[in-house]
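Each chain is listed here by its residues.
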Amino acid sequence: MNRRSFFKFSWGAVGLTALVSAVGVSLAAVVRFLVPSVFYEPPQTFKIGDPADYPFGPPTFLVEEKIFVFRDRDKGFAVASAVCTHLGCTVAYFPSDQRFHCPCHGSVFGPNGLVQHGPAPRPLEWFEVTLARDGMLRVDKDKVVPPTYRLMV
Ligand code: FES
């Protein structure tokens, strides 16, 4: 291979590499454009364990699920959302006054989740809790129930 052929071949290889790279990047951009940017939420129905794992008395707070699980000896199980209806902060339950307090802007919710002090515009949500076939508690966040809803186990 003489010098002229070598340079011809080299520039051809460089050009071909640049072309393939440009086409590859363009295809990747098109594929990225066609795939929607979807926010994948965690499943809204999930199991929270054995009923016997929950004590009577003050509710158990499940951090990941952002719910409070109430277990009352006479009334059974109830599940309340821990998400404030104002801007979505996580509320805390105070057994001393049996109310939910939002640390962000001071909303206060009564024991049944009703707003007692704003700025929250709506009560806390209560979710359906059922018993799965395997005996575990199952919560469905897509099914909002009245605060009086209870699961007797
Ligand atoms: S987020 Fe709870 S009061 Fe604003």
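Regarding the overall build of the protein chain
Alright, step 1. A tally of helices and strands in the protein chain yields 1 helix and 10 strands.
Alright, step 2. If you list the helices and strands of the protein chain from N to C, you get α-β-β-β-β-β-β-β-β-β-β.
Alright, step 3. Against the 2.2 N^0.38 benchmark of 15 Å for 153 residues, the protein chain shows a C-alpha radius of gyration of 28 Å, more extended than a compact globule.
Alright, step 4. Taking the principal axes of its C-alpha atoms as reference, the protein chain extends roughly 95 × 40 × 25 Å.
Alright, step 5. Within the span of the protein chain, comprising 153 residues, buried residues form 20% of the whole.
Alright, step 6. Across the protein chain, every contact between residues at least 6 apart in sequence was considered, and the portion connecting residues at least 24 apart equals 36%.

Quick word on the sheet that holds strand β6 (residues 99-101)
Alright, step 1. Within the open sheet, the 4 strands sit side by side as β5-β6-β7-β8. Their pairing is antiparallel. Among the strands making up the open sheet, the edge pair consists of β5 (92-94) and β8 (115-117).
Alright, step 2. As defined by bridge partners, strand β7 (residues 108-109) adjoins β8 across 2 bridges and the pair is classed as antiparallel. By the bridge assignment, F109 is partnered in β8 with V115.

Re the environment of T60
Alright, step 1. In this structure, T60 sits in strand β2 (residues 57-62).
Alright, step 2. C-alpha of T60 to C-alpha of V79: the two residues are 19 residues apart in sequence and 9.5 Å apart in space.

Quick look at the sheet that holds strand β4 (residues 76-81)
Alright, step 1. In spatial order, the strands read β1-β10-β9-β4-β3-β2; together these 6 strands make up an open sheet with antiparallel pairing. Each edge of the sheet is formed by a strand with only one pairing partner; in this case those strands are β1 (45-49) and β2. Recorded for the sheet is a direction-independent mean angle of 35° between the axes of neighbouring strands.

Remarks on the domain arrangement of the protein chain
Alright, step 1. Splitting the protein chain by domain gives domain 1 (1-40) and domain 2 (45-145).
Alright, step 2. On a C-alpha basis, the centroid separation for the pair domain 1 and domain 2 is 55 Å.

Some remarks on the nonpolar core
Alright, step 1. Counting 23 residues, the largest nonpolar core has I67, F68, V79 and A80 as its most contacted members.
Alright, step 2. Those elements that provide at least two residues to this core are β3 (67-72), β4, β9 (126-131) and β10 (137-145).
Alright, step 3. Each residue touching V79, except ones within four places of it in the same chain, is listed here: I67, F68, V69, W126, F127, V129 and V139.

Side note on the pairing of β9
Alright, step 1. As defined by bridge partners, β4 adjoins β9 across 2 bridges and the pair is classed as antiparallel. Within the sheet, the bridge partner assigned to V79 lies in β9 and is F127.
Alright, step 2. Bridge count for β9 against β10 is 6 bridges, and the pairing is antiparallel. By the bridge assignment, V129 is partnered in β10 with V139.
Alright, step 3. From the end of β9 to the start of β10, which pair antiparallel, there are 5 residues, and G135 there has a positive phi angle of about 85°.

Section: unusual backbone geometry
Alright, step 1. The omega angle of the peptide bond from G118 to P119 is 15°, so this bond is cis rather than trans.
Alright, step 2. Tracing the sequence through the fold places P119 in the loop between β8 and β9.
Alright, step 3. Unusually for a residue other than glycine, K66 sits at a positive phi of about 55°.
Alright, step 4. Summarising the element assignment, K66 is placed in the loop between β2 and β3.
Alright, step 5. Positive phi, normally seen in glycine, also occurs at Q98, with a value near 55°.
Alright, step 6. Take Q98: it is sitting in the loop between β5 and β6.

Definitions and cut-offs
- Residues numbered from 1 in each chain as written.
- Predicted model: local features only at pLDDT ≥ 70, side-chain atom pairs only at ≥ 80, totals over all residues.
- Helix = DSSP H or I, 4+ residues; strand = E, 2+ residues; numbered from the N terminus.
- Rg over C-alpha atoms; globule rule 2.2 N^0.38 Å.
- Buried ≥ 20, exposed ≤ 12 C-beta atoms within 10 Å, placed from the backbone.
- Contact = placed C-beta atoms within 7 Å.
- Pairing = 2+ DSSP bridges.
- Axes fitted to C-alpha atoms, helices over the stretch in contact; angles between N-to-C directions.
- Domains from an automatic or database assignment.
- Core = buried A, V, L, I, M, F, W, Y, C linked by C-beta atoms within 7 Å.

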